[in-house]
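In case you want the letters, here they are:
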Amino acid sequence: MQNNRNLYSSEVRALYKIFKSQLPNSIILTGQDTDIISNIAKNLASLIVSKKLINNFHNFEDYLLNPVHEDSNFILKIEPIFLEDKQRFKKKLYREDVKYVNNFFSTKDENDQKRVCIINLIDDLSLDAANSILKIIEEPNRNNHFIIVNQNKSKCLKTIVSRSNRIFFGKLNYDNFTNYYKDSENEEYLNYLYQITNGSSYLTKQFIEYNFYEINDHFKTLLTNQKKIKANTANHYIEYLHNFKNLDQAIPIFFNYLQLVISDEIKKLCHNNENNLVIRLLNIYALIDSFNKKNIAINLDFENLIISLFHRLKYD
């Protein structure tokens, strides 16, 4: 992926104004594209604790959009916890998962050293964990700072928002989107991803990492031609999914991808007035949505879900 000046230029300029003035104790970066925003948060934290001299906006922009950030003992990251025994990420972070933040900020340093805690994402914090963070924010110290990454704006406590500077990140325009991912996929597929994700680099990153390009054309063919679905089709998709180490994470992303592909096909069919096929695809979309919710809620056996899905695709 490429470093790209003008990527989120207005948002980065707002951060520059904050950086050059009196730095607040808490900054919230809100937007869908959390892969890019998280990188910006880490680079901003590195800049704050390093005391590097930044003379102009372009140097600041280049530093924040650098794909590599510098680690420091003065930066604490609250990020998803991977459970080795279950081979998946912990779905929520609780009070005990963030209790060491207070100790981190309580450490005394010489030379007026700043410390930064990055929360990536605050959406993953339980209410008790978020309230623990709020308590620290409510007792500000000029050398202690939070940089909070937030995807869904409604999942950030209003009390935290009221005590923070918040910057909203919009979606990338097409040129910046394709430039950011130009080393990852061919231009035609990137154009397709931009279309079905509405320009979300958060979703695009997931889809590229899981290499859904391999199944894209085949699945679209199955949607419009039921005769292409064979007895072993479901098994091929099951085998494909078994290539992923973390199935708990892969399955909902896989279902989300299928739904976006179906949505795109429905738009085309509506344009061509193919109403019967539109109704069929709407039913399939709803079916996948129900499968996804059941899988998340009660962790159903994914192989049976895939077999059932392709059975319905063939005979509905």
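This section reports on the structure supplied with the text. Remember, it's a predicted structure, so these values are computed and weren't measured experimentally. (Residues numbered from 1 in each chain as written. Predicted model: local features only at pLDDT ≥ 70, side-chain atom pairs only at ≥ 80, totals over all residues. Heavy atoms only, no water.)

Observations regarding the packing of helix α10 (residues 213-224) against helix α12 (residues 247-271)
Put simply, α10 and α12 touch, their axes get as near as 11 Å, and they point 55 degrees apart. One element, α10, and the other, α12, form an angle in the oblique class. Where α10 crosses over α12, the handedness of that crossing is right-handed. Side by side, α10 and α12 meet where Ile215, Asn216, Phe219, Lys220, Leu223 and Thr224 of the first sit next to Phe254, Tyr257, Leu258, Val261, Ile262 and Glu265 of the second. Residues belonging to the contact of α10 with α12 are distributed by class as follows: eight nonpolar, two polar and two charged. (Axes fitted to C-alpha atoms, helices over the stretch in contact; angles between N-to-C directions. Helix = DSSP H or I, 4+ residues; strand = E, 2+ residues; numbered from the N terminus. Parallel < 35°, antiparallel > 145°, perpendicular 65-115°, else oblique. Left-handed = near helix turned anticlockwise from the far one by under 90°. Contact = heavy atoms within 4.5 Å. Nonpolar A, V, L, I, M, F, W, Y, C, P; charged D, E, K, R; others polar.)

Description of the side chain of aspartate 264
Looking at the secondary structure, you find aspartate 264 in helix α12. Here the side chain of aspartate 264 touches glutamine 195 through a polar contact of 2.4 Å, side chain to side chain. Residues contacting aspartate 264, with those up to four places away along its chain left out, are Tyr192, Gln195 and Ile196. (Polar contact = N/O pair within 3.5 Å; in protein donor to acceptor, adjacent residues only side chain to side chain.)

Notes on the environment of serine 72
Locating serine 72 in the fold gives a position in the loop between α3 (57-64) and β2 (75-78). A relative accessible area of 24% means that serine 72 is categorised as partly exposed. C-alpha separation for the pair serine 72 and serine 50, spaced 22 residues apart in sequence, amounts to 8.5 Å. Within polar-contact distance, the side chain of serine 72 engages the backbone nitrogen of phenylalanine 74 at 3.0 Å. (Buried < 20%, exposed > 50% of the residue type's maximum accessible area, 1.4 Å probe, protein only.)

Thoughts on α12
Taking 1.5 Å of rise per residue, the 25 residues of α12 would be expected to cover 36 Å, and the 36 Å separating its terminal C-alpha atoms lies within 8% of that figure. A positive phi of about 60 degrees marks asparagine 273, the residue just after α12. (Expected span 1.5 Å × (residues − 1).)

Digging into α10
Residues of α10 that are buried include every one of Ile215, Asn216, Phe219, Lys220, Leu222 and Leu223, and no others. Taken around the axis of α10, the buried residues stretch over an arc of 160 degrees, which confines them to a single face. Exposed and facing more than 90 degrees away from the buried side of α10 are Glu214 and Asp217. (Arc of directions from axis to C-beta.)

A short note on the packing of aromatic side chains
Applying the stated criterion across every chain, the model contains 20 aromatic pairs. With a centroid separation of 4.9 Å and an interplanar angle of 65 degrees, the aromatic rings of phenylalanine 177 and tyrosine 194 are classed as edge-to-face. Linking phenylalanine 177 in helix α7 (residues 174-180) with tyrosine 194 in helix α8 (residues 187-197), this pair joins segments that are 17 residues apart in sequence. Tyrosine 194 shares its class with phenylalanine 177; the two are buried. With a centroid separation of 6.2 Å and an interplanar angle of 25 degrees, the aromatic rings of tyrosine 189 and tyrosine 192 are classed as stacked. With a gap of three residues between them, tyrosine 189 and tyrosine 192 both fall in helix α8, about one helical turn apart. Taken together, the ring pairs connect Phe207, Tyr210, Phe212, Tyr237, Tyr240, Phe244, Phe254, Phe255, Tyr257 and Phe310 into an aromatic cluster. The ring of phenylalanine 104 has arginine 115 lying over it, and the distance from NZ or CZ to the ring centre is 4.9 Å. (Phe/Tyr/Trp six-rings, centres within 6.5 Å; stacked < 30°, edge-to-face > 60°. Lys NZ or Arg CZ within 6 Å of the ring centre and 35° of its normal.)

Describing the environment of serine 126
Mapped onto the elements, serine 126 comes out in the loop between β5 (115-120) and α5 (127-137). Residue class for serine 126 comes out buried when judged on its relative accessible area of 8%. Taking C-alpha positions, serine 126 is 9.9 Å from lysine 155, a pair spaced 29 residues apart along the chain. Once residues within four sequence positions are removed from consideration, serine 126 is found in contact with Lys92, Leu93, Tyr94 and Arg95.

Note that all results are geometric; they support no functional claim without further evidence.
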